[in-house]
Each structure stands twice: as C-alpha cells, then as structure tokens.
Amino acid sequence: MSFACESLLKKIYPKHNVEIIDPLTLDLGEIFKPEFAYSRKQVPADLKQLADKIAEADGYVMVSPEYNHSMSPALAHLLNHFGSSLFSYKPSAIVTYSAGQWGGARAAVSMRTFLSELGCLPVSAMIHIPNAAKVFNDEGKAHSEEAQKEWDSYMNRTMAQLVWWAEGAKQQRENLDPNSLIEAFQRDPSQRNAPK
Ligand SMILES: Cc1cc2nc3c(=O)[nH]c(=O)nc-3n(C[C@H](O)[C@H](O)[C@H](O)COP(=O)(O)O)c2cc1C
C-alpha cells in the first residue's frame, strides 16, 4: 500500500520528494505481537496472566491521560494485545485526565469507539480530571476532605453506572451464554460483511 501511494504521488507530483518511512526498519523496541497470535503453549507469562484477568473481570475502568487529543498510546498498545472475546459482554467506564482545562474529554470521545469495538461498551457517564497534577497527589488523594467528597461524588456517578451494568451483564451471561447465539468470526474478517 505504501508503494502504491509512493508511485502515485511521484507520478502526479514529480517536483515533490516522497519517502516511505517503514517502522519495521527502525529500532523502536520489540515488534508488537498480540496474545492471540501465539500458539497456546507459548504465550508469554505476563500476557497469559493478564488475558486470564481480563477474561475473569466483570467490568473495566479505563484510565488514560490525553495525548494529542487522543487516548494514551501506551493504553491502546496494551489493549491491542488482546482479542475482543476477552472483553465482550461486559461494561467499561472511561476516566481521562490532562494538564489542560478539558480533562481529556477529547481523548474520551475516541475511547468510546475503541472500547465499543472491544465489546466492553462504555457507560454514559465519564470522569474527566483537568489540571490533574494539582487535583490528586501521588496516592490519589485530593488536597482537602471537602475536595475529596466532591471528587468522590462526581466520580461515583460513573462508578455506580459501571457496577450496575457489570452486575446485570454478569447475571445475563450466566443466564444465557452470548456465544451460543453469536458465532465467533474464526475464518475470515469478511464474515462480518453485510449480505450483497
Ligand atoms: C505527547 C503529549 C501529548 C499531549 N497532548 C495533550 C493534549 O492533547 N491535551 C492536553 O490537555 N494535554 C496533553 N498533554 C499533557 C498530558 O495530558 C499531561 O501531561 C498528563 O498529565 C500526562 O499524563 P501521564 O504523566 O500520566 O502520562 C500531552 C502530553 C504529551 C507528553
């Protein structure tokens, strides 16, 4: 695909310089390999342990700083290691923070899409923390008892929604296994396609 773009640009805009930067030719640390790409006996211990935890959990609180109006690349990278089957049919809550005044609200919008695709649908209430470094100390405590009460009350709106959905979804998963209704896509991504 890169070569196709390169040759088109070179053909139509011959006066411009075009260069392909291939991340795989650079030393950026280890190459990404998701948990589900390993043969079952060779999954690295940390990935296996986390996959088991994700599978066991009934809900998720996804905490991210805002980086360039998007979610943390570190969090996206971590989540990209795991298939949606581990997260599906469970709710999530979005918590964002930033140095600026919007508390990561723009990152939160893109997190909704990301988490929905993983199958852990985010609850409607979200938590955004502006000026994060001034709001909580390193132990996660607000600067006064009064401020702590206000933050607890604000944050609990989201947590209460998460717990309600988590308990409800757990009951329903026990009542009816969703995988018995919906076939997993095991052959080809085209299995998702709408009929022609
Ligand atoms: C690469 C980069 C991009 C950032 N982009 C934003 C941004 O778009 N909006 C914002 O409010 N803050 C932005 N920040 C500030 C971070 O949200 C803020 O420093 C936050 O506390 C970082 O959290 P962390 O130390 O846990 O990574 C950015 C910081 C970095 C390093």
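Residues numbered from 1 in each chain as written. Predicted model: local features only at pLDDT ≥ 70, side-chain atom pairs only at ≥ 80, totals over all residues. Heavy atoms only, no water.

For the chain, an unreviewed UniProt entry supplies the name Putative reductase and the organism Vibrio maritimus. What UniProt records for the chain under Cofactor (unreviewed entry) is the sentence "FMN". (UniProt positions renumbered as here; feature names shortened; annotations may be inferred.)

Trainee: So what exactly am I meant to see when it comes to the nonpolar core here?
Mentor: Nonpolar side chains in soluble globular proteins tend to be buried together. By size, the foremost hydrophobic cluster in this structure holds 19 residues, and its most contacted members are Met62, Leu79, Phe82, Phe87, Met111, Leu115 and Cys120. Of all elements in the fold, only α2 (45–56), β1 (60–65), α3 (73–79) and α4 (105–118) reach the threshold of two or more residues within this core. It is α4 that contributes the most residues to this core, 4 residues altogether. Setting aside its immediate chain neighbours within four residues, Phe87 contacts Ile54, Tyr60, Met62, Leu79, Phe82, Leu118, Gly119 and Cys120. Counting residues in hydrophobic clusters, the runner-up holds 9 residues, among them Val95, Ala132, Ala147 and Trp151. (Core = buried A, V, L, I, M, F, W, Y, C linked by side-chain atoms within 4.5 Å. Buried < 20%, exposed > 50% of the residue type's maximum accessible area, 1.4 Å probe, protein only. Helix = DSSP H or I, 4+ residues; strand = E, 2+ residues; numbered from the N terminus. Contact = heavy atoms within 4.5 Å.)

Trainee: What's the story with the site of the ligand in this structure? I'm lost.
Mentor: As a matter of local geometry, the ligand sits amid Pro65, Glu66, Tyr67, Asn68, His69, Tyr97, Ser98, Ala99, Gly100 and Arg106. Between the ligand and Tyr67, the relevant distance is 2.8 Å, taken from an oxygen atom to a side-chain nitrogen or oxygen of the residue. Between the ligand and Tyr97 there is a distance of 2.4 Å, counted from an oxygen atom to a side-chain nitrogen or oxygen. Class assignment of the residues belonging to the shell around the ligand gives a composition of 4 nonpolar, 4 polar and 2 charged. (Near = heavy atom within 4 Å. Polar contact = N/O pair within 3.5 Å; in protein donor to acceptor, adjacent residues only side chain to side chain. Nonpolar A, V, L, I, M, F, W, Y, C, P; charged D, E, K, R; others polar.)

Trainee: Is there a simple way to think about unusual backbone geometry in this case?
Mentor: Negative phi values dominate among residues other than glycine, just as trans dominates among peptide bonds. Despite not being glycine, His69 shows a phi value in the positive range, around 60°. Within the element layout of this structure, His69 appears in the loop between β1 and α3. Under the relative-accessibility criterion, His69 is labelled partly exposed at 46%. For Asn131, which is not a glycine, the phi torsion comes out positive at approximately 45°. Following the sequence through the fold, Asn131 ends up in the loop between β3 (127–129) and α5 (132–135).

Trainee: It is not clear to me how the layout of surface pockets should be interpreted in this structure. Could you clarify?
Mentor: Which parts of space are left empty comes out when a probe the size of a water molecule is rolled across the atoms. Looking at the largest pocket, its volume works out to about 1000 Å³. If you go around the largest pocket, you meet 31 residues; those closest to its centre are Ser84, Ser85, Ser88, Glu117 and Leu118. Within the residue set of the lining of the largest pocket, elements represented by two or more residues are α4 and α6 (145–175). The leading source of residues in the lining of the largest pocket is α4, at 3 residues. Looking at the lining of the largest pocket, its residues break down into 17 nonpolar, 8 polar and 6 charged. Looking at the second largest pocket, its volume works out to about 160 Å³. (1 Å grid on protein atoms, 1.4 Å probe; cavity = no way out; pocket = protein on both sides within 12 Å on 5 of 7 lines; lining within 4 Å. Points joined across faces, edges and corners; volume = space filled by probe spheres on them.)

Trainee: Could you clarify how one ought to interpret the UniProt feature "domain: NADPH-dependent FMN reductase-like" (unreviewed entry) in the chain in this entry?
Mentor: Cross-referencing UniProt, the feature "domain: NADPH-dependent FMN reductase-like" (unreviewed entry) maps to residues 15–132 in the present numbering. Structurally, residues 15–132 comprises 29% helix and 13% strand, and the distance from its first C-alpha atom to its last is 47 Å.

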